[in-house]
Amino acid sequence: MRDHEVADLLDHAVATVELPPGLVGRVVAGSRTRRRRRLLAVGTVAVVAAAGALLLPQVDSLGRNGGRHGGSDVGGAEPGAAADVPTGILGADGRAVTEAQVVAVGRAGTETLVLVTREPRAEERAIGGKAAEVWIAPDGGGARLLHDYLSYDLACINGDAVCAAVRSTGSGLGVAVARRSGGRLYVLVQAPQGRTVEVVADGVPHSLGPAPRGAVTEVVAIEPYDEVQVWASTADGQRYRIPWAPGAVLND
């Protein structure tokens, strides 16, 4: 509203309501003062931002010089392919795990996440459910068991016919785990051979591509169960959601 419009409005109010003398002038003067302050603040921010763009090197959140990278939009981080399985990860028999026992593996910040297959409970196995242990190996530290039983492949999103059809083939849907590490959130996803994976966090897509052995991307979300969706696409272009398993969001 312009100054003269404010004055006209208040003059009209004066005709019907008793207002303090000089109110119109004070309101208009105050409006002009606030506007000058706002313009000055915006101008100062613009100058500082422009100076920063000229003087500072282009460094992303990973400490690398250069422009924007492909893959995830979070801090220029790129989706990570499957990592090597750290030493010290043991199977149910107490022996070092073999490649055949590893469901998925991937780097999450300064840690390596490893999902190791384990025998599902009888009631879950009867309906096609699968289970895994979740191990974590921090850089410079020993591996430890983070979650001893993660059930998955038990359910589809309601009404998702593609999900139900894919699951009924016996090849499985895949599995997803979210890990908070150092204040950041990483998603480790595995999907059977011949499928590609995409993670959508708060509307932002992160393409991981094929992930038969696991792939990791960093995302921004406060409530992963509500804000993060994990999608897989089959070779013929059909798309379905990989449901979050209970306990799939891992926190220290």
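Above: the structure in question.
Each chain has its residues counted from 1, running along the sequence as written. With the structure being a predicted model, the display of local features is reserved for residues of pLDDT at least 70 and the display and counting of side-chain atom pairs for 80 or more, all residues being used for whole-chain, interface and lining totals. Hydrogens and water molecules were not included; the side-chain quantities draw on all heavy atoms of the structure.

Engineer: How should I be thinking about the pattern of salt bridges in this particular structure?
Structural biologist: For side chains bearing opposite charge, pairing can occur when the charged atoms are close. Only one rule defines a salt bridge in this text: a Lys or Arg side-chain nitrogen within 4 Å of an Asp or Glu carboxyl oxygen. Applying the stated rule across the entire model yields eight salt bridges. Linking R213 and E99 is a salt bridge whose minimum nitrogen-to-oxygen distance equals 2.9 Å. With a gap of 114 residues between them, R213 in the loop between strand 8 (204-210) and strand 9 (215-219) and E99 in the loop between helix 2 (23-55) and strand 1 (102-108) connect regions that are remote in the sequence. For R107, the salt bridge identified is with D139, shortest N-O distance 2.8 Å. Of this pair, R107 sits in strand 1 while D139 sits in the loop between strand 3 (130-138) and strand 4 (144-152), and the two are 32 residues apart along the sequence. Burial classes follow relative accessibility: with a 1.4 Å probe on protein chains only, a residue under 20% of its type's maximum area counts as buried, one over 50% as exposed, and anything between as partly exposed. Since its relative accessible area comes to 35%, R107 is described here as partly exposed. Of the residues examined, D139 reaches a relative accessible area of 48% and is grouped as partly exposed. Secondary structure is summarised from DSSP: a helix means a run of H or I of at least four residues, a strand means a run of E of at least two, and numbering begins at the N terminus for each.

Engineer: Mind showing me how you'd approach the packing of aromatic side chains here?
Structural biologist: The geometry of an aromatic ring pair comes down to the distance between the two centres and the angle between the two planes. Two rings belonging to Phe, Tyr or Trp (six-membered ring only in the last case) form a pair when the distance between their centres is within 6.5 Å. Interplanar angles under 30 degrees mark stacking, angles over 60 mark edge-to-face geometry, and anything in between is tilted. Enumeration over the complete set of coordinates arrives at one aromatic pair. Over the aromatic face of Y149 sits the side chain of R121, whose NZ or CZ is 3.7 Å from the ring centroid. To sit over a ring, a charge needs its Lys NZ or Arg CZ within 6 Å of the ring centre and within 35 degrees of the ring normal. Stacked on the ring of W231, the Lys or Arg R239 has its end atom at 4.2 Å from the ring centre.

Engineer: Looking at this structure, how should I read helix 4 (residues 161-168)?
Structural biologist: Side chains of residues three or four places apart in an α-helix project in the same direction, reflecting 3.6 residues per turn. Among all positions in helix 4, only V162, C163 and V166 are buried. When helix 4 is viewed along its axis, its buried side chains cluster within an angular range of 100° and face the same direction. Looking at helix 4, the residues exposed on the side facing more than 90 degrees away from the buried face are A161 and S168. Here a residue-residue contact requires only that any non-hydrogen atoms of the pair lie within 4.5 Å. Those residues of helix 4 hidden inside the fold are in contact with strand 11 (239-241). Just past helix 4, the residue G170 takes up positive phi, approximately 95°. Our arc is simply the arc of the directions from the helix axis toward the C-beta atoms.

Engineer: Help me understand the sheet that holds strand 12 (residues 249-250), please; the structure alone is not making it clear to me.
Structural biologist: Hydrogen bonding along the main chain pairs the strands of a sheet, whether they run parallel or antiparallel. Between any two strands, at least two bridges found by DSSP are needed for them to pair. An order of 9-6-5-12 is seen for the four strands of this open sheet, with the pairing classed as mixed. The open sheet terminates on both sides in strands that have one partner only, identified here as strand 9 and strand 12. Strand direction decides the pairing type here: strand 5 (residues 175-181) and strand 12, joined by two bridges, are parallel. Its bridge partner lying in strand 12, R179 is registered against L250.

Engineer: What is the right way to look at the sheet that holds strand 1 in this model?
Structural biologist: Across the sheet, four strands lie side by side as 1-2-3-4; this open sheet has antiparallel pairing. Looking along the sheet, the strands with just one partner apiece sit at the ends: strand 1 and strand 4. Across the sheet, the mean angle from the axis of one strand to that of its neighbour is 20°, orientation sign disregarded. Here strand 3 pairs with strand 4 via six bridges, running antiparallel. Within strand 4, the position partnered with A131 by the bridge is S151. Under this scheme, a helix contributes an axis fitted over its contacting stretch, all axes are lines through C-alpha atoms, and angles between N-to-C directions fall in the 0 to 180 degree range.

Engineer: I would appreciate a short explanation of the side chain of T112 in the present structure.
Structural biologist: With respect to the helices and strands, the residue T112 is situated in strand 2 (residues 111-118). The class for T112 is buried, based on a relative accessible area of 7%. Within the local environment of T112, its side chain forms a polar contact with the side chain of R107, the two groups lying 3.1 Å apart. Setting aside anything within four residues of it in sequence, one finds T112 in contact with A83, D84, P86, V105, G106, R107, W135, I136 and A137. The definition of a polar contact used here is a pair of N or O atoms within 3.5 Å, where within protein one atom must be able to donate a hydrogen and the other to accept one, and adjacent residues in sequence count solely through side-chain atom pairs.

Engineer: Help me out: how do you make sense of the environment of V230 in this one?
Structural biologist: For V230, the position within the fold is in strand 10 (residues 228-233). Put simply, V230 and I242 are twelve residues apart on the chain and 5.5 Å apart in space, counted from C-alpha to C-alpha. Residue contacts for V230: discarding those within four places in its chain leaves A176, V187, V189, V197, E198, V199, Y240, R241, I242 and W244.

Purely spatial values, then, with no claim about function.
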